[in-house]
Amino acid sequence: MTAIILHAPFAGWAAPLDEVPDAVFAERMMGDGLAIDPLEAVLRAPCDAEVISVPATAHAVTLRLANGAELLIHIGLETVALGGAGFTAHVAAGQQVRRGDPLIDFDLDLVAEQAKSLITPIVLTSEGYRLAALAVDRAVAAGDPIAEVSGGQAPTAVAPAEQEAHRTDISIGVPNGIHARPAARIAAAAKGFASALDIEARGKAADARSPVALMTLGLVQGDTASLVARGPDAEAALVALKRLIETGLGDEHDATPRPVPSGAPTAKGALRGVCAAPGLAVGPAAQFAAADIRVEARSRGTEAERHALAAARAKVATELAGQGGSIALAHEGLLDDPKLLALADAGIAAGQSAGIAWQGAILETAEALRATGQALLIERIDDLHDLERQVLAALAGEAGRVSRAFPDGAILIADLLFPSDMMALDLTTLGGICTARGGPTSHVAILAASASVPMLVAVGDRIADIPEGRAVILDASAGWVDPAPDDAALAAASQRVDDRRRIRAAEAAAATEDCRMADGTRIEIFANLASPAEAQRAVAAGAEGCGLLRTEFLFHDRADAPSEDEQAAVYEDVARGLGGRPLIVRTLDAGGDKPLPYLRVPQEENPALGLRGVRLSLARPDLLATQLRAILRATGAGDIRIMVPMIVDVAELRFVRALLDEAADALGLGATPLGVMVETPAAALLAGSLAAEADFLSIGTNDLTQYALAADRGNPATASRIDALHPAVLRLIAATGEGGRRHGKWFGICGGVASDPLAAAILIGLGATELSATPAAIAALKAAVRRLTMADCRALAVRALEAETAEAVRILAAEAQTPAFEGATA
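Predicted model, so just to flag it, every value in this text is computed and none were measured. (Residues numbered from 1 in each chain as written. Predicted model: local features only at pLDDT ≥ 70, side-chain atom pairs only at ≥ 80, totals over all residues. Heavy atoms only, no water.)

## Thoughts on the side chain of aspartate 482
- Within the fold, aspartate 482 resides in strand S26 (residues 480–482).
- Buried and unpaired, aspartate 482 has no salt bridge, with arginine 470 as the nearest side chain of opposite charge at 7.6 Å.
- At a separation of 3.1 Å, a polar atom in the side chain of aspartate 482 contacts the main-chain amide nitrogen of alanine 484. (Helix = DSSP H or I, 4+ residues; strand = E, 2+ residues; numbered from the N terminus. Buried < 20%, exposed > 50% of the residue type's maximum accessible area, 1.4 Å probe, protein only. Lys, Arg positive; Asp, Glu negative; His and termini not counted. Salt bridge = Lys/Arg side-chain N within 4 Å of Asp/Glu carboxyl O. Polar contact = N/O pair within 3.5 Å; in protein donor to acceptor, adjacent residues only side chain to side chain.)

Shown next as structure tokens:
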């Protein structure tokens with residue numbers, strides 16, 4: 001059958017069908033497809049077709065394509081209830097239409113205000129046909145290719161393996177596919193082996209040491225590929241990289257900003273976009289334009305240009321190293337990418353200047369990424385152009401970054417922002433950010449969200465017309481910006497912003513004080529940390545200590561394990577950053593779903609239930625002994641305690657205790673508190689025996705929840721089922737608390753639920769005396785806890801344990817604690 005290309009019927013945000021908040025579409029009861037959150041009010045034919053039907057309410061249309069497939073386009077959700085209000089059909093059943101012909105007009109504002117959502121499913125309803133999405137998780141313009149409909153494809157022939165090569169098949173386990181950060185981690189692991197390593201897919205081969213080459217393969221989660229190794233350690237390299245790639249590379253995606261469905265009311269005359277970081281802001285528009293960079297076109301000779309490019313790259317690398325963080329790390333990987341460097345060097349060898357050659361290398365690489373059709377990879381093109389600009393600026397001896405000051409509370413208006421722009425801005429003075437282009441999963445969006453700056457992307461070119469200094473309203477949570485609000489709208493929005501600001505300011509002002517409940521009960525509010533740089537920032541945010549230092553950052557992205565001296569120095573830095581406050585250091589929680597390539601652990605069918613956490617320490621006691629000695633050496637810098645992950649029973653704890661005592665004796669040091677991280681149902685049920693020998697218990701609700709509910713938090717199909725307030729999880733928390741109380745041992749919570757103010761009352765009611773949260777959540781969490789009493793918390797906890805579902809628990813918490821929490825959640 002002939003394949004048909006579907007084109008976007010209107011401009012908007014293209015999304016997977018899974019994100020449609022309606023089970024009929026999301027669970028594909030009607031068929032496969034995708035969805036678009038529209039930014040314009042005319043639905044046009046996505047291809048040449050015959051109209052099969054248009055309901056009287058004109059909220060949908062069904063088309064028969066030239067290959068016989070039938071396609072449903074349903075404007076918004078539950079829009080049939082509008083009875084046709086706001087919809088005007090231009091076609092009828094039996095009519096032939098051409099691509100781009102108008103099918104239905106609709107009132108964008110009216111439908112947005114009255115329907116459940118504007119998100120529009122586009123669904124292939126015929127059996128025997130296949131729909132392959134070409135554009136999801138990104139903005140599309142009307143007419144852009146979005147999907148291909150075919151009657152099936154012939155199997156692809158597999159080339160025979162070369163005899164001299166070692167080969168294995170792999171399945172991509174990275175949640176968002178091989179984009180910049182996972183590619184950088186694969187490349188770093190590959191560089192730890194002497195063998196040549198390639199990944200082959202779709203008839204192409206990519207050097208595993210090249211992040212760019214890996215990204216151009218366009219591999220997404222669930223894709224299969226071949227890993228090929230040639231060299232002296234080929235078999236070991238295959239085992240390590242296969243494990244790393246298939247178990248997801250520890251790629252965290254829970255904090256990635258997602259598009260907000262368009263169900264919220266839109267201001268009259270507002271421009272719609274996609275939420276990259278939620279929030280509301282009112283302020284003067286400040287148009288941003290990147291500085292022009294002079295590029296020398298004439299070559300001064302091959303060696304001179306090579307030297308100039310190397311010097312410019314070195315300067316940029318130094319700046320990136322000073323910034324730190326995963327985004328800077330990904331940029332460093334691109335800066336040293338062998339494929340990019342080879343392309344640039346070829347240009348220089350052909351007589352180009354360093355600047356022209358670098359531009360050409362970036363352009364060719366960007367086009368290769370664009371050709372993959374993968375949204376996340378296409379968004380990484382912005383990172384390439386950011387690096388292009390930074391290197392060109394270094395070549396020209398110019399700053400290359402924003403230097404102008406912006407008014408306090410300004411709404412920054414830009415065509416597109418790069419990560420280097422964001423890092424040069426004082427985000428604390430900005431009210432919000434609005435860009436014509438970009439997407440909600442870009443690195444810039446991540447930076448905005450982490451700084452709590454409201455950000456709207458993919459708004460379109462009309463924002464360039466907003467006059468400098470004009471007061472605008474940015475409601476990123478609702479997905480719109482009002483470029484010309486009237487006085488009443490400005491006053492109302494300003495009042496909302498002021499109310500939120502007062503609440504947050506009051507919370508922040510009190511955040512550095514010890515946390516006590518309304519009845520005087522002391523509750524410690526700690527922070528979860530993953531690097532020394534975070535310690536001082538956490539203290540400034542109100543952290544009274546660190547309830548979980550994830551030490552994996554020391555072990556990842558390297559060819560071998562860190563030395564005792566290196567670890568000790570880092571632990572001392574964290575302890576000093578906390579200023580003597582308690583520091584709970586978790587021993588290495590790697591292996592399984594968080595693999596380290598240099599450990600070369602055998603392949604496992606179910607790594608989440610495999611050799612991870614303390615089990616890896618039991619298998620590699622040398623690693624654990626080195627880490628324990630390093631932690632003990634740092635105890636002079638602060639109040640340090642040690643916590644062991646993934647414990648199941650007391651035998652594992654005794655093994656670690658013996659190693660700890662041996663290390664302490666060798667160093668001539670006294671006892672250091674040793675606790676258990678309760679992450680398995682077994683540990684929760686055996687909390688009494690564990691508490692008899694442990695000094696404290698701390699519940700890691702993230703893993704405990706996935707194990708208790710048999711739902712993989714790294715699997716998109718099951719991740720939505722995970723809720724730490726499920727009654728089954730709460731009963732395990734209660735069992736842990738009871739076990740600790742029997743032996744006079746305290747217990748805390750260091751999982752994600754500890755950052756949720758709504759959950760605080762239940763957790764405290766179950767007996768937790770310490771909550772370890774993300775630093776950004778501490779001020780609101782403390783404010784919420786200070787309004788509680790222990791009697792009320794215990795009563796709520798009893799009711800929560802008797803509930804039947806997580807939703808029922810959340811309803812109970814909201815109903816019982818609304819007065820206490822409305823400030824914290826504003």
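## Re helix H15 (residues 533–540)
- Of the residues making up H15, those classed as buried are Ala535, Ala538 and Val539. Down the axis, H15 shows its buried residues gathered within 95° of arc, on one side only. Exposed residues on H15 whose side chains face more than 90 degrees from its buried face are Gln536, Arg537 and Ala540.
- Those residues of H15 that are buried are in contact with strand S27 (524–529), helix H16 (564–577) and helix H26 (778–786). (Arc of directions from axis to C-beta. Contact = heavy atoms within 4.5 Å.)

## Brief notes about helix H11 (residues 381–396)
- Compared with an ideal rise of 1.5 Å per residue, which puts 16 residues at 22 Å, H11 spans 23 Å between its outermost C-alpha atoms and is within 8% of the ideal.
- Looking one or two residues beyond H11, the residue adopting positive phi is glycine 397, at roughly 70°. (Expected span 1.5 Å × (residues − 1).)

## Structural notes on the nonpolar core
- If you look at the biggest cluster of nonpolar residues, it comprises 93 residues, and the most contacted ones within it are Leu529, Leu583, Ile733, Ile749 and Leu771.
- Beyond its immediate sequence surroundings of up to four residues, leucine 771 is in contact with Glu524, Ile525, Phe526, Ile749, Ala754, Ala760, Leu763 and Leu781.
- Among the nonpolar cores identified, the runner-up in size contains 40 residues, and Ile36, Ala49, Leu103 and Ile146 belong to it. (Core = buried A, V, L, I, M, F, W, Y, C linked by side-chain atoms within 4.5 Å.)

## Notes on the packing of aromatic side chains
- Scanning all chains against the criterion turns up three aromatic pairs.
- Taking the centre distance of 6.0 Å and the plane angle of 70° together, the rings of phenylalanine 10 and phenylalanine 106 count as edge-to-face. Here the residue phenylalanine 10 occupies a position in the loop between strand S1 (4–7) and strand S2 (12–16), and phenylalanine 106 occupies one in strand S10 (residues 102–106), the gap between them amounting to 96 residues. Phenylalanine 106 carries the same exposure label as phenylalanine 10, and that label is buried.
- Here phenylalanine 696 and tryptophan 746 contribute two aromatic rings whose centre-to-centre distance is 5.0 Å and whose plane-to-plane angle is 5°, an arrangement assigned as stacked. Pair noted here: phenylalanine 696 is in strand S32 (residues 696–699) and tryptophan 746 is in the loop between helix H24 (727–742) and strand S33 (747–749), with a separation of 50 residues, a long-range link.
- A residue is classified by how much of its surface remains accessible, and tryptophan 746, at 24% relative accessible area, is partly exposed.
- Cluster of aromatic residues (ring-pair linked, three or more members): Phe10, Phe87 and Phe106. (Phe/Tyr/Trp six-rings, centres within 6.5 Å; stacked < 30°, edge-to-face > 60°.)

## Some details on the sheet that holds S10
- An order of S4-S10-S8 is seen for the three strands of this open sheet, with the pairing classed as antiparallel. The open sheet has two edge strands, strand S4 (42–44) and strand S8 (87–89), and neither has a second partner. Averaged over all pairs of adjacent strands, the angle between their axes in this sheet comes to 20°, without regard to strand direction. (Pairing = 2+ DSSP bridges. Axes fitted to C-alpha atoms, helices over the stretch in contact; angles between N-to-C directions.)

## Focus on the pairing of S2
- Burial analysis of S2 places five of its five residues in the buried class, which makes it a mostly covered element.
- Across five bridges, S2 lies against strand S3 (residues 32–38) in antiparallel orientation. Bridging from a neighbouring strand, alanine 15 pairs with alanine 35 of S3.

## Quick notes on the pattern of salt bridges
- Taken as a whole and assessed by the stated rule, the structure comprises 30 salt bridges.
- Residues glutamate 200 and arginine 167 are paired through a salt bridge, measuring 2.8 Å at the closest nitrogen-oxygen approach. Here glutamate 200 is found in strand S16 (residues 196–201), whereas its partner arginine 167 is found in strand S15 (residues 166–171), with 33 residues between them in sequence.
- What makes glutamate 200 partly exposed here is its relative accessible area of 25%.

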